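Single-letter residue listing:
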Amino acid sequence: MIKDLLKQLWKDKFARLAMVVLALIYLSLLFADFISPYTKDFSDRTMAYVPPSKIFTIDEHGKFSKPYTYNYVRSFDSVKLEITYSLDRTQKHYIKFFAIGQPYKFLGLIPMKRHLFTTDNTGRIYLLGTDINGRDVFSRLFFGGRISMTIGFLALFVLFPIGLLYGGISGYFGGKIDAVMMRFAESIMSIPSFYLLIILASVLPSGMTSTQRFLLIVIILALIGWAGFARVIRGMVLSIKTQEYVQAAQAIGASKLRIIIKHILPQTTSFVIVAMTLSVPSYILSESGLSFLGLGIQQPDASWGNMLKEAQEFTNILYRPWLLTPGFLIFISVLSFNLIGDTVRDVLDPKSKVR
C-alpha cells in the first residue's frame with residue numbers, strides 16, 4: 001500500500017515538487033553542522049545586525065578570482081545617530097570549501113571539524129547577515145529547523161496511538177461506555193487549544209532547559225489534539241465492527257482488545273495516513289507561534305519561531321529583511337506538507353477529489 005501510494009504521489013507534479021522540497025529541507029537539517037559555517041553556539045556581539053556578506057568572484061583588476069569576501073567594519077554615524085557597516089577592502093578573505101573550521105559533533109556523536117564552506121580565522125562570512133547578538137542567521141536556520149520540523153512528528157507519535165485506541169474502544173463497546181468516553185473527548189475539544197498552550201507554557205519553570213521545554217511542548221500538543229482524532233476513529237469503528245470478518249473473530253472467541261487492534265483499527269489506515277500528513281503543519285505552526293511569543297524554545301537555542309520574533313519590529317522589516325527568512329521557510333514547509341496531504345487524500349479517497 002505504501003509503495004503504491006508513493007508512486008501515485010510521484011505522478012502528481014505538485015506533490016512531487018513538495019516531496020523534493022521537504023527531502024532537501026530534512027537532508028540539510030540532518031547535515032546542519034557540516035553545512036553551517038559556524039556552530040550553534042557561535043556569537044560575535046561586536047557584529048550585531050551585520051548585513052549579508054558580499055561574495056566577489058572578480059577582483060579589482062577585472063579578472064576572475066577564487067570567491068572571496070571582505071569583513072565589515074562597524075562605525076557610528078553621529079549625524080543619523082545610528083550604527084553603520086562598511087566593507088574593509090584592505091584584506092581579502094578567500095572562501096574555502098570542505099575546509100577545517102570550528103569543531104563540532106556530527107549527529108551529536110562524531111567529532112568533526114570540516115564544514116561545507118568557511119573562510120580563514122580572521123574572516124567572517126554571513127550569507128544571511130547576523131541577529132542582534134551577532135549570531136550567523138544562515139547557520140541558525142539549520143539548527144532552529146531541527147526543532148521546528150521535528151516537533152510535529154514527535155507529537156504524532158504520542159497523539160495517534162492515544163486517539164486510535166481511545167476511539168477504537170469507544171466505538172466498539174458503544175452504549176454507556178461510548179457516551180461517557182465521547183463526552184470526555186468533547187470536553188477536551190471544547191478547550192481553546194492555543195490559549196491553553198500559552199497558559200501551560202507560561203507556567204513552566206524558568207530554569208528548564210530548552211530540551212525539557214521542547215519535550216513538554218510535544219506532550220502538551222499531543223494531549224490536547226487527540227480528542228478530535230479519536231472522535232473520527234470512533235465513527236469509523238461503528239461501521240467497521242458490523243463487518244462479517246469482525247463477527248467471525250468474535251465467534252471464534254478472540255478477545256475484544258485483539259479484535260480492536262488486529263481487525264478493526266488496521267481498516268482505518270487510509271484515514272490515519274491522510275490525518276498525519278495534514279496534522280504536521282499545524283504542529284509546526286503551533287511551536288513557531290509559541291516560540292514567537294517567547295513561550296516556546298528559549299534563547300540562545302534556536303527555532304524558526306523565536307528567530308522570527310526579531311522581525312516583528314518595523315525597523316527590522318525595512319532595514320534587515322534577512323531576519324524574515326525563518327518565516328519564509330515556515331511558509332514553504334507548511335505549504336509542502338499541505339500539498340502532499342491533499343494529494344494523499346485524493347489518492348486514498350477518490351470521491352473527495354470529485355466533491
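Note: the structure precedes this text.
First, a word on what this report is: a plain description of the structure on this page. These numbers were taken from a predicted model, which means no experiment stands behind them.

Side note on the packing of aromatic side chains
Per the stated rule, a full pass over the model turns up 16 aromatic pairs. Ring geometry for Tyr68 and Tyr70: centres 5.6 Å apart, planes at 85 degrees, overall edge-to-face. On the basis of relative accessibility, which here comes to 5%, the residue Tyr70 falls in the buried class. Members of the aromatic cluster, connected to one another through ring pairs, are Phe56, Tyr68, Tyr70 and Tyr94. One residue, Lys66, lies across the ring of Tyr94, its end atom 5.1 Å from the ring centre.

Here we look at unusual backbone geometry
Unlike most non-glycine residues, Tyr49 shows phi in positive territory, near 55 degrees. Secondary-structure assignment places Tyr49 in the loop between α3 (32–35) and β1 (56–58). For Tyr49, a relative accessible area of 15% corresponds to the buried category. Of note, the phi angle at Phe98 is positive, near 55 degrees, even though the residue is not glycine. As for its position among the elements, Phe98 is in strand β6 (residues 96–106).

Looking at a nonpolar patch on the surface
Nonpolar side chains collect at one region of the surface, where Leu27, Leu30, Phe31 and Leu107 lie side by side and expose about 350 Å² of accessible area between them. Looking at where Leu30 falls in the secondary structure, it is placed in helix α2 (residues 13–30).

Brief notes about the environment of Gly175
Mapped onto the secondary structure, Gly175 falls in helix α6 (residues 175–189). A relative accessible area of 58% means that Gly175 is categorised as exposed. Spatially, the C-alpha atom of Gly175 lies 31 Å from that of Leu348, the residues being 173 residues apart in sequence.

As for the pattern of salt bridges
Tallied over the entire structure, the rule returns nine salt bridges. Ionic pairing is found between Asp33 and Arg146, a salt bridge with its closest N-O pair at 3.0 Å. Of the two residues, Asp33 is situated in helix α3 and Arg146 in helix α4 (residues 137–148); the sequence distance between them amounts to 113 residues. Judged by its relative accessible area of 10%, Asp33 falls in the buried class. Given a relative accessible area of 27%, Arg146 falls into the partly exposed group. Note that Arg234 is salt-bridged to Asp178, the shortest N-O span being 2.6 Å. Highlighted residues: Arg234 in helix α8 (residues 210–240) and Asp178 in helix α6, separated in sequence by 56 residues. Look at the salt bridges and you will find they share partners, linking Asp131, Arg135 and Arg140 into a network.

Focus: the side chain of Ser53
Topologically, Ser53 is positioned in the loop between α3 and β1. Ignoring any residue separated from it by four or fewer positions in sequence, one finds Ser53 in contact with Thr69, Tyr72, Arg124, Ile125 and Tyr126.

What counts, and where the lines are drawn
- Residues numbered from 1 in each chain as written.
- Predicted model: local features only at pLDDT ≥ 70, side-chain atom pairs only at ≥ 80, totals over all residues.
- Heavy atoms only, no water.
- Phe/Tyr/Trp six-rings, centres within 6.5 Å; stacked < 30°, edge-to-face > 60°.
- Buried < 20%, exposed > 50% of the residue type's maximum accessible area, 1.4 Å probe, protein only.
- Lys NZ or Arg CZ within 6 Å of the ring centre and 35° of its normal.
- Helix = DSSP H or I, 4+ residues; strand = E, 2+ residues; numbered from the N terminus.
- Patch = residues over 30% accessible without salt bridge, like charges linked within 9 Å, V, L, I, M, F, W, Y side chains within 5 Å.
- Areas by Shrake-Rupley, 256 points an atom, 1.4 Å probe, with all protein chains shown as cover.
- Salt bridge = Lys/Arg side-chain N within 4 Å of Asp/Glu carboxyl O.
- Contact = heavy atoms within 4.5 Å.

None of this, on its own, says anything about what the molecule does.
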